[in-house]
Amino acid sequence: MSPVPRARTSLSHRVHLRTRLLAALAALVTVAAGLTVRAVTGGWFGKYAGDALYTVLVYALVVLVWPRVTPVRAAIGALAFSWAVELAQLTPVPAALSEASVVARLVLGSTFGAADLVAYAAGAVLAAYATRSAHTLAGRRSRQRRERASAAP
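Since the structure is predicted, the reported quantities are computational estimates derived from the model, not experimental observations. (Residues numbered from 1 in each chain as written. Predicted model: local features only at pLDDT ≥ 70, side-chain atom pairs only at ≥ 80, totals over all residues. Heavy atoms only, no water.)

1. Brief notes about the overall build of the protein chain
- Helix and strand counts for the protein chain stand at six helices and zero strands.
- Ordered by position from the N terminus, the helices and strands of the protein chain form the series α-α-α-α-α-α.
- In the protein chain, which comprises 153 residues, the share counted as buried stands at 26%.
- For the protein chain, contacts bridging at least 24 residues in sequence account for 64% of all contacts bridging at least 6.
- Just so you have it, the protein chain exposes about 10700 Å², and 69% of that area is on carbon and sulfur atoms. (Helix = DSSP H or I, 4+ residues; strand = E, 2+ residues; numbered from the N terminus. Buried < 20%, exposed > 50% of the residue type's maximum accessible area, 1.4 Å probe, protein only. Contact = heavy atoms within 4.5 Å. Areas by Shrake-Rupley, 256 points an atom, 1.4 Å probe, with all protein chains shown as cover.)

Structure follows, in structure tokens:
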């Protein structure tokens, strides 16, 4: 197997690092958004917005761990995790863990709600769409810079 040229490896490393930093920032913004939604809204909107943001957070964490993952695969992984946690609530384990730990309550919840599954799906779609849109915008800006650079004398 031939070695990868150094410049290419360096560029790949920078892209992965940038992706991880953006994913970490997205995770922090998502947590802040979730706390804000919880503090300023109530009722069904606050509940289901929080559920959707939960999946957006899981999506950001998936990208943080696997920066080369495609938006669709990250969304599927985040949705599968969110649904698995929700379906686990059909057993007594998450409720028992939630009584013992605030962190477990935040991550696992305690009671099953079928409507939560829909909110998680909305969060996964939102995250994948936002990522695709950001990539499209970044690609346009990159093309515009290249065109300006090639047109300059």
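2. Comments concerning the layout of surface pockets
- Here the largest pocket defines a volume of roughly 1100 Å³.
- Taken together, 33 residues form the lining of the largest pocket, with R38, G50, D51, Y54 and L106 sitting closest to its centre.
- Looking at the lining of the largest pocket, the elements with two or more residues in it are α1 (6-40), α2 (43-65), α3 (71-88), α5 (102-108) and α6 (114-151).
- A per-element tally of the lining of the largest pocket places α2 first, with 10 residues. (1 Å grid on protein atoms, 1.4 Å probe; cavity = no way out; pocket = protein on both sides within 12 Å on 5 of 7 lines; lining within 4 Å. Points joined across faces, edges and corners; volume = space filled by probe spheres on them.)

3. Some thoughts on the packing of aromatic side chains
- According to the stated counting rule, one finds two aromatic pairs in the structure shown.
- A centroid spacing of 6.1 Å and a plane angle of 85° characterise the contact between W44 and F45, whose relative ring orientation is edge-to-face.
- According to the relative accessible area criterion, W44 is exposed, its value standing at 63%.
- Its relative accessible area of 44% is what places F45 among the partly exposed residues.
- Ring geometry for Y54 versus Y120: centroids 5.8 Å apart, planes at 45°, classification tilted. Of the two residues, Y54 is situated in helix α2 and Y120 in helix α6; the sequence distance between them amounts to 66 residues. In this structure, Y54 and Y120 share a single accessibility class: buried. (Phe/Tyr/Trp six-rings, centres within 6.5 Å; stacked < 30°, edge-to-face > 60°.)

Note that all results are geometric; they support no functional claim without further evidence.
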